[in-house]
Amino acid sequence: MSETLFNIILYSFIFIFGIIIGSFLNVCILRIPLKETIVSKRSHCMSCGHQLAWYDLFPLFSYLFLRGKCRYCKAKISKQYPIVEFINGAMAVLCFAFSGFLADKLANINIYIKVGVDPATNLDIVVKDWFASVYDIEAVILTCILCSVLIVISVIDWRTFEIPLSANIVILVLGLIKLVSYWYQDCRYYKFYCDAVGKNPGFFELLYARGRFLELVIGFFVVSVPLAIIYYASKGKAMGGGDVKLMAVAGLFLGWKLAIVALIVGCLYGSVIHIIRMKVSGEGKQLAMGPYLSAGIVTALWFGNNIVQWYGSFF
Ligand SMILES: [Zn+2]
């Protein structure tokens, strides 16, 4: 099979899987602000209440096929459904693409990992570890889930000016999973290194290993603490408590460097777009930060390391 064909099939699967998750996100967006259960209840038409059949629920394509109208009462279906589904599918595709999931790469997965330099000989210490690819896949999947949660947060915050706590808790769990797997991964490679140079590592040395564990932990506080101070000083007027929590849990996932990138970029998006909206559509001063912070977080996920490198090149 040619590589191009393989890539098309691979990415079509990712897209379809993404829009299926997207239709679940629509259910979350609808039901979380109403404090309804997001599982076990069948979806129904918002207008006539008719329960929807499985073929009405097929993401994106049902909407296109029915031309945006309910099959039973012909009421218009909100454009939010296909848009959310499409965006989630597209973001899943981009998450995989930016992490380099292509046929030729998959065929030559690098399972030789440099774990350090031998101080005695000054030579690189390299271990063969096929498990490295599992870490990579895990990282992409976690990133995809984070993007999906950010879509839910953005739409709900846009409409209700509130970020649901449950969504922030999901991101916290994602961050903790990343923290534990980074630690486990770094610990393993550090042990390989210690075996090679004949060292006996202590617990804190193993915890520190390549420093990524600490980077994530600092990420939790680096942006959220200054924001929390602003929140309390302004008695919640300058920003919402949900924004502070979002930047804390997203910071844990991103690590401190990318958390700072996410905040700066998010505020840039927010101020530019909101000023335009105030001018054009006479939008009020009340600003839902969630969508802009989410866009900042996604930018940091996809381009953050490039931005950090570019910034570092000035020094
Ligand atoms: Zn209907």
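Residues numbered from 1 in each chain as written. Predicted model: local features only at pLDDT ≥ 70, side-chain atom pairs only at ≥ 80, totals over all residues.

Draft legend 1. Representation of the overall build of the protein chain within the structure. Per the secondary structure count, the protein chain includes 12 helices and 2 strands. Its helices and strands in sequence order give the protein chain the pattern α-α-α-α-β-β-α-α-α-α-α-α-α-α, from N to C terminus. Burial statistics for the protein chain: of 315 residues in total, 30% are counted as buried. (Helix = DSSP H or I, 4+ residues; strand = E, 2+ residues; numbered from the N terminus. Buried ≥ 20, exposed ≤ 12 C-beta atoms within 10 Å, placed from the backbone.)

Draft legend 2. Focus on the domain arrangement of the protein chain. Assigned domains within the protein chain: domain 1 (1-106) and domain 2 (109-315). The distance between the C-alpha centroids of domain 1 and domain 2 comes to 26 Å. Between domain 1 and domain 2, the contact holds 19 residues from the first and 15 residues from the second. Counting only elements with at least two residues in the side of domain 1 that touches domain 2, the list comes to helix H1 (3-31) and helix H3 (80-98). Considering every element that reaches the side of domain 1 that touches domain 2, the biggest residue donor is H3, with 10 residues. (Domains from an automatic or database assignment. Contact = placed C-beta atoms within 7 Å.)

Draft legend 3. Representation of the pairing of strand S2 (residues 124-128). Direction of pairing for strand S1 (residues 112-117) relative to S2: antiparallel, over a ladder of 5 bridges. Among the inter-strand pairings, Lys114 is bridged to a residue of S2, identified as Val126. With antiparallel pairing between neighbouring strands as the criterion, S1 and S2 make up a hairpin whose turn holds 6 residues, including Asn122 at a positive phi of roughly 65°. (Pairing = 2+ DSSP bridges.)

Draft legend 4. Representation of the confidence of the model for the protein chain. When pLDDT is averaged across the protein chain, the result is 88; 96% of the residues are at 70 or more. Between the elements of the protein chain, mean pLDDT differs from a low of 70, seen in helix H4 (residues 103-107), to a high of 96, seen in helix H10 (residues 241-254). (pLDDT = per-residue confidence, 0-100.)

Draft legend 5. Up close: the packing of helix H6 (residues 165-197) against H10. Relative to each other, H6 and H10 sit at 20°, their axes nearing to 7 Å. As far as their axial angle goes, H10 and H6 are roughly parallel. Judged by the twist between their axes, the crossing of H6 over H10 is left-handed. Facing Asn168, Ile171, Leu172, Leu174, Gly175, Lys178 and Leu179 of H6, the residues of H10 in contact are Gly242, Lys245, Leu246, Val249, Ala250, Leu252 and Phe253. When its residues are assigned to classes, the contact of H6 with H10 shows 9 nonpolar, 3 polar and 2 charged. (Axes fitted to C-alpha atoms, helices over the stretch in contact; angles between N-to-C directions. Parallel < 35°, antiparallel > 145°, perpendicular 65-115°, else oblique. Left-handed = near helix turned anticlockwise from the far one by under 90°. Nonpolar A, V, L, I, M, F, W, Y, C, P; charged D, E, K, R; others polar.)

Draft legend 6. Representation of the nonpolar core in the model. In this structure, Val152, Met247, Ala250, Ala259, Ala262 and Ile297 are the most contacted members of the largest nonpolar core, which totals 63 residues. Among the elements of the structure, H1, H3, helix H5 (132-160), H6, helix H8 (212-222), H10, helix H11 (256-281) and helix H12 (290-312) are those that each provide at least two residues to this core. Top contributing element to this core by residue count: H5, with 10 residues. Inspection of this core shows a minimum of three residues originating in each of domain 1 (1-106) and domain 2 (109-315). (Core = buried A, V, L, I, M, F, W, Y, C linked by C-beta atoms within 7 Å.)

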